[in-house]
Amino acid sequence: MKKKIRSQKPTAVRSTPTVNVSPRLSYFEERKGAIVETIRQMVEIESPSDNKQAVDKLGRWLASKFEALGGHSKFHRVANFGDHLQVDFPGRDRRKPVLLLGHLDTVYPLGTLASMPCRISDGRLSGPGALDMKAGIAFMLYALDSLRDQDGTVPRAVTVLLVSDEEVGSDSSRRITEELAKKSEAVLVLEPSFGLQGALKTARKGVGQYQLKVSGVAAHSGLDFEKGHSAILELARQIERISKFTDLKRGLTVSVGLVQGGTRVNVVPAEATATIDVRIAKASDGASIDRKLRSLKPVNRKCRLHFSGGVDRPPLERNPGVVSLFRKASELAKPLGWKLTEAAVGGGSDGNLTAALGIPTLDGLGAVGEGAHAVNESIVISECPRRTALLATLIEAV
């Protein structure tokens, strides 16, 4: 669970003038109220990662919504997390499907709505999970609905995958995500956009987590101090070394975020641990930082070091497939009176997994807003129609 920041006053947003209002944009403008109502309903179905029953409730609710649009739903059963929801829409042509990727889970514990209710005010919808990423799921629903013909068929095959464990590492869903991505023409990730300018995400850092355990020798700190070898002191020395591995120019950061150790104040500590967050912009840096960490030697030879963990989410690099997809989105956005921008961000998503396979992936197609994972989480309502319109257009075009 990420630490929540204090409430912040929403940043004022100036509406972007529409140069050319396309019929598709007009269509979604007329349905803006319905889109917002669907988002509100989802926000009020709380779905913390660690509560299977709650996440499954949202999954069942969404399965019925997608099935009403002609989709064929399938649950990938999971014991310790919510079941992952897959919905397949057969298309009118033989093109490979587009994968619409997202997640059901949020970082907020069950009961958060009591202190952080869903509200609509000053052009915003706020509430736990509104931005990250229940609004993006609503965009999927309304985009697919708009593409159906009189028989209820969409122009090309679409697969929707909504996983239940993205906020806690995607361990149980990774294989499913990768298998479906390999069968797809492209992956469109409905995670939130970047900043209030609504930039798409064409690069994300890879994420790793390590634990360093130091074993020392316990002793009474008054009677036998010289017989002890402090694991905490050794850990402190190692933290200094580890911190020097950060290379901001390469987009590599190594941060010790959690430290534990010792048993009593009058005992030279025999054990201490540190949890290390690693972020990499380039896949090649994953193996390099792993070697550096595991090659560390104790300063005090009476102490021992043991590393576990690794880089488990590769970076989403701005490769040719990503660039090509962004350029296509940019061209498609112009008739909507919209000049798309792009951004590289430090956090990871399941789009990292699909991009690493070489599948063209475009992230950040979800809502515009601020305060993800925080008490001021909110979306900008006025941005919902054109983002849904762009998604519908991309589904047809890629």
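Right above here is the structure, for reference.
Summarised in this report is the structure supplied together with it. (Residues numbered from 1 in each chain as written. Predicted model: local features only at pLDDT ≥ 70, side-chain atom pairs only at ≥ 80, totals over all residues. Heavy atoms only, no water.)

## Digging into the side chain of arginine 204
By the secondary structure assignment, arginine 204 is in strand β8 (residues 200–204). One polar contact links the side chain of arginine 204 to the main-chain carbonyl oxygen of glycine 347, over a distance of 2.9 Å. (Helix = DSSP H or I, 4+ residues; strand = E, 2+ residues; numbered from the N terminus. Polar contact = N/O pair within 3.5 Å; in protein donor to acceptor, adjacent residues only side chain to side chain.)

## Notes on the sheet that holds strand β14 (residues 304–313)
Strand order in the open sheet formed by four strands is β11-β13-β9-β14, with antiparallel pairing between adjacent strands. The open sheet is flanked by β11 (253–261) and β14, the only strands paired with a single partner. Taking each pair of neighbouring strands and ignoring which way they run, the sheet shows an average axis angle of 15°. In this structure, strand β9 (residues 206–215) lies alongside strand β13 (residues 271–280), joined through ten bridges in antiparallel fashion. Across the sheet, lysine 213 pairs through a bridge with threonine 273, a residue of β13. Across the sheet, helix α6 (residues 231–243) touches β9, β11, β13 and β14, and the angle it forms with β11 is around 170°. Lying over the sheet, helix α7 (residues 284–294) contacts β9, β11, β13 and β14, oriented at roughly 170° with respect to β14. (Pairing = 2+ DSSP bridges. Axes fitted to C-alpha atoms, helices over the stretch in contact; angles between N-to-C directions. Contact = heavy atoms within 4.5 Å.)

## Considerations on the side chain of glutamate 178
Considering the arrangement of structural elements, one finds glutamate 178 in helix α5 (residues 174–182). Classification of glutamate 178 by relative accessible area gives buried; the value is 18%. Contact partners of glutamate 178, with chain neighbours within four places excluded, come to Leu353 and Leu357. (Buried < 20%, exposed > 50% of the residue type's maximum accessible area, 1.4 Å probe, protein only.)

## What about the environment of leucine 161?
Looking at the element boundaries, leucine 161 is found in strand β6 (residues 158–163). For leucine 161, a relative accessible area of 0% gives the class buried. In this structure the C-alpha to C-alpha distance between leucine 161 and leucine 85, which are 76 residues apart in sequence, comes to 5.8 Å. Discounting residues that sit within four places of it in the chain, leucine 161 has contacts with Leu85, Gln86, Leu99, Leu100, Leu101, Gly102, Ile176, Thr177 and Leu180.

## Description of the nonpolar core
Membership of the largest hydrophobic core comes to 64 residues, with the highest contact counts inside it found for Ile39, Leu62, Phe66, Leu100, Leu144, Val160 and Leu188. Per element, the largest residue contribution to this core is 13 residues, and it comes from helix α4 (residues 130–147). Sequence-distant contacts of phenylalanine 66, defined by excluding residues within four places in its chain, comprise Gly71, Val87, Phe89, Met140, Leu141, Leu144, Val160 and Leu162. In this structure, Ala231, Ile276, Val278 and Leu293 belong to the second largest nonpolar core, which totals 19 residues. (Core = buried A, V, L, I, M, F, W, Y, C linked by side-chain atoms within 4.5 Å.)

## Let's talk about the packing of aromatic side chains
Going through the model one piece at a time under the given rule, you end up with two aromatic pairs. Here the aromatic rings of tyrosine 27 and phenylalanine 28 are separated by 4.9 Å at their centres, their planes lie at 90°, and the arrangement is edge-to-face. By relative accessible area, which is 1% here, phenylalanine 28 ends up buried. Look at phenylalanine 66 and phenylalanine 89: their rings are 6.3 Å apart centre to centre, the planes differ by 70°, and that puts the pair in the edge-to-face class. With phenylalanine 66 in helix α3 (residues 52–67) and phenylalanine 89 in strand β2 (residues 84–89), this pair connects stretches of sequence that are 23 residues apart. In this structure phenylalanine 66 comes out as buried when scored by relative accessible area, which is 0%. The class for phenylalanine 89 is buried, based on a relative accessible area of 3%. Here the basic side chain of arginine 31 rests over the ring of tyrosine 27, its NZ or CZ set 3.5 Å away from the ring centre. (Phe/Tyr/Trp six-rings, centres within 6.5 Å; stacked < 30°, edge-to-face > 60°. Lys NZ or Arg CZ within 6 Å of the ring centre and 35° of its normal.)

## As for the sheet that holds strand β4 (residues 119–121)
In spatial order, the strands read β4-β5-β18-β17; together these four strands make up an open sheet with antiparallel pairing. The open sheet has two free edges, formed respectively by β4 and β17 (369–370), since each of these has just one partner strand. When β4 meets strand β5 (residues 124–126), the two strands line up antiparallel, connected through three bridges. Bridge pairing in β5 places isoleucine 120 opposite leucine 125. Contacting β4, β5 and β18 (378–380), helix α2 (residues 32–43) crosses the sheet at an angle of about 15° to β5. Contacting β5, β17 and β18, α4 crosses the sheet at an angle of about 50° to β18.

So far we have only geometry, and geometry alone does not tell us how the molecule works.
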